Amino acid sequence: MMAVVLLVEDDAFIRELAAELIQEFGHHTHSASDMDEALLFLRSGQHVDALIADIRLKTESLGGLELARQAIRLRPKLRVLYTTGSAISKFADLFVDGAHFLRKPYTLSQLQYSVEQLLAASL
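Residues numbered from 1 in each chain as written. Predicted model: local features only at pLDDT ≥ 70, side-chain atom pairs only at ≥ 80, totals over all residues. Heavy atoms only, no water.

What follows is about the pattern of salt bridges. This model, assessed by the stated rule, comprises three salt bridges. In this structure, D54 and K104 form a salt bridge, with 3.0 Å as the shortest nitrogen-oxygen distance. Of this pair, D54 sits in strand β3 (residues 50-54) while K104 is found in the loop between β5 (100-103) and α4 (108-120), placing the two residues 50 residues apart along the sequence. We classify D54 as buried; its relative accessible area is 4%. Taking relative accessible area as the criterion, K104 reaches 16% and is therefore assigned buried. In this structure, R69 engages E66 in a salt bridge whose closest nitrogen and oxygen atoms are separated by 3.2 Å. With R69 and E66 both in helix α3 (residues 63-74) and three residues apart, this pair spans about one turn of that helix. (Salt bridge = Lys/Arg side-chain N within 4 Å of Asp/Glu carboxyl O. Helix = DSSP H or I, 4+ residues; strand = E, 2+ residues; numbered from the N terminus. Buried < 20%, exposed > 50% of the residue type's maximum accessible area, 1.4 Å probe, protein only.)

Another aspect to go through is the packing of helix α1 (residues 12-24) against α4. In a packed pair of helices, the relevant descriptors are the angle between the two axes and the axis-to-axis distance. Running from N to C, α1 and α4 point in directions that differ by 60 degrees, and their axes come no closer than 10 Å. Compared by their axis directions, α1 and α4 come out oblique. The handedness of the crossing between α1 and α4 comes out as right-handed. Taking contact as the criterion, the partners of A18, L21 and I22 in α1 are, on α4, L108, L111 and V115. Of the residues in the contact of α1 with α4, the class split is six nonpolar, no polar and no charged. (Axes fitted to C-alpha atoms, helices over the stretch in contact; angles between N-to-C directions. Parallel < 35°, antiparallel > 145°, perpendicular 65-115°, else oblique. Left-handed = near helix turned anticlockwise from the far one by under 90°. Contact = heavy atoms within 4.5 Å. Nonpolar A, V, L, I, M, F, W, Y, C, P; charged D, E, K, R; others polar.)

Structure below.
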């Protein structure tokens, strides 16, 4: 099943590599480097199935968490996958309902598995 994934990552290298890998998994990827860019895409009306957001964005320390909350308000059926290199216990109670988590650094197989699980999850 081909899906549209919005990937929000402030590290350009990680963003480009992850977007390329997700496309190799058979999905279309739109990338954003910050919360404003991601929200602009979400408000554009373009179709999107899932949001993959780094919890800590350079311009907003917990930007991925706030982004997910705003994204769910705009797109209630949006699936969310958070990524971070920090301990999950710091953020778990701030996750939107049904969100998934992928710890950085992650491997190709971990990314693929997480994306497949995210897209297979029913809302």
